Amino acid sequence: NVIDGVAFADYGNGSSIASHGGRFVVGGDKVARIYEFTGAAAELRATLQGRHTTTISSVAFSDDGTLVATGDTNHLIIVWSAADATIVHNDLVFHRSRVQSIMFAPGSNTRMVSAAVDSQVIAWDLAANKRVIVAGAHTSGVNAVTFGANANEVISGGGDGSVKRWALVWEA
């Protein structure tokens, strides 16, 4: 049953959505917007814009809700402050095609993982400015990704119909 419904005329195509507490972020045409439900209404809290030049295809909140990651159809990932919409990281451009999925590690604002049509899974350590790339993770692109039991284990689902678990090895 629908609890509340809100119509948005200005959010683009709504190709991605994520929530944290009473807030949710909707990604669409070059813009992501953070809203908060206040009763039956949703109020705009922040607009994340200015760097994406294509549709935002994936969004995620960090574990504590202070950061939002956005990925687009042109391989760019940006990490924003959820409070004031400033860019925290804008150099995450190692995918070669549409970003399908982004997830922050449980209990972390510095580790995240992304998946793309390019068949890569990339784990990011934002604090150390490091990444682990699993090239060819799936034969038909990677549709979804999440963390497993901890920040060193990733589970991915691909267009090849398989689900795989990966152990991440971070270089010193």
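Remember, predicted model here, so these are calculated numbers, not experimental data.

Overview of the pattern of salt bridges
- With the rule as written, the count across this model stands at 4 salt bridges.
- Among the salt bridges present, the one from Asp-125 reaches Arg-111, with a minimum N-O distance of 3.3 Å. In this pair, Asp-125 sits in strand β11 (residues 121–125) while Arg-111 sits in strand β10 (residues 111–116), placing the two residues 14 residues apart along the sequence.
- What makes Asp-125 buried here is its relative accessible area of 10%.
- Residue classification places Arg-111 among the buried positions, given a relative accessible area of 18%.

Thoughts on the pairing of strand β15 (residues 163–167)
- Little of β15 is tucked away, with 0 of its 5 residues classed as buried.
- In this sheet, β15 lies alongside strand β14 (residues 153–158) in antiparallel orientation, the contact comprising 5 bridges. When the sheet's bridge partners are listed, Val-154 is paired in β15 with Trp-166.
- Turn length for the β14-β15 hairpin, with the two strands adjacent in sequence and antiparallel, is 4 residues, and the turn residue Gly-161 shows positive phi of about 85 degrees.

Some details on unusual backbone geometry
- In this structure, Lys-30 is a non-glycine residue whose phi angle is positive, near 70 degrees.
- With respect to the secondary-structure elements, Lys-30 resides in the loop between β2 (23–27) and β3 (32–38).
- Its relative accessible area of 39% is what places Lys-30 among the partly exposed residues.
- The phi torsion at Ser-119 lies on the positive side, around 75 degrees, for a residue other than glycine.
- Turning to its location among the elements, Ser-119 is positioned in the loop between β10 and β11.
- Overall, Ser-119 belongs to the buried group, its relative accessible area being 11%.

Observations regarding the sheet that holds strand β12 (residues 130–134)
- Across the sheet, which stays open at both edges, the 4 strands sit in the order β9-β10-β11-β12 with antiparallel pairing between neighbours. If you trace the sheet from one side to the other, it starts and ends with β9 (99–104) and β12, each paired once. The sheet shows a mean angle of 15 degrees between the axes of neighbouring strands, direction not considered.
- Bridge count between β9 and β10: 5 bridges; the pairing is antiparallel. By the bridge assignment for β10, Val-99 is matched with Ala-116.

Calculation rules
- Sequence order as written defines residue numbering, which begins from 1 separately in each chain.
- The model is predicted, so local features are restricted to residues of pLDDT at least 70 and side-chain atom pairs to those at 80 or more, both for listing and for counting; the totals for chains, interfaces and linings are taken over all residues.
- Side-chain measures here rest on the full set of heavy atoms in the structure, leaving out hydrogens and waters.
- The salt bridge criterion pairs a side-chain nitrogen of Lys or Arg with a carboxyl oxygen of Asp or Glu, the two atoms within 4 Å.
- Per the convention used, a helix needs a DSSP run of H or I reaching at least four residues, while a strand needs a run of E reaching at least two, with both numbered from the N terminus.
- When accessible area is computed with a 1.4 Å probe and restricted to protein chains, residues below 20% of their type maximum are described as buried, those above 50% as exposed, and intermediate ones as partly exposed.
- For two strands to be treated as a pair, DSSP must find no fewer than two bridges joining them.
- Fitted lines through C-alpha atoms give the axes, limited to the stretch in contact for helices. The angle between two N-to-C directions lies from 0 to 180 degrees.

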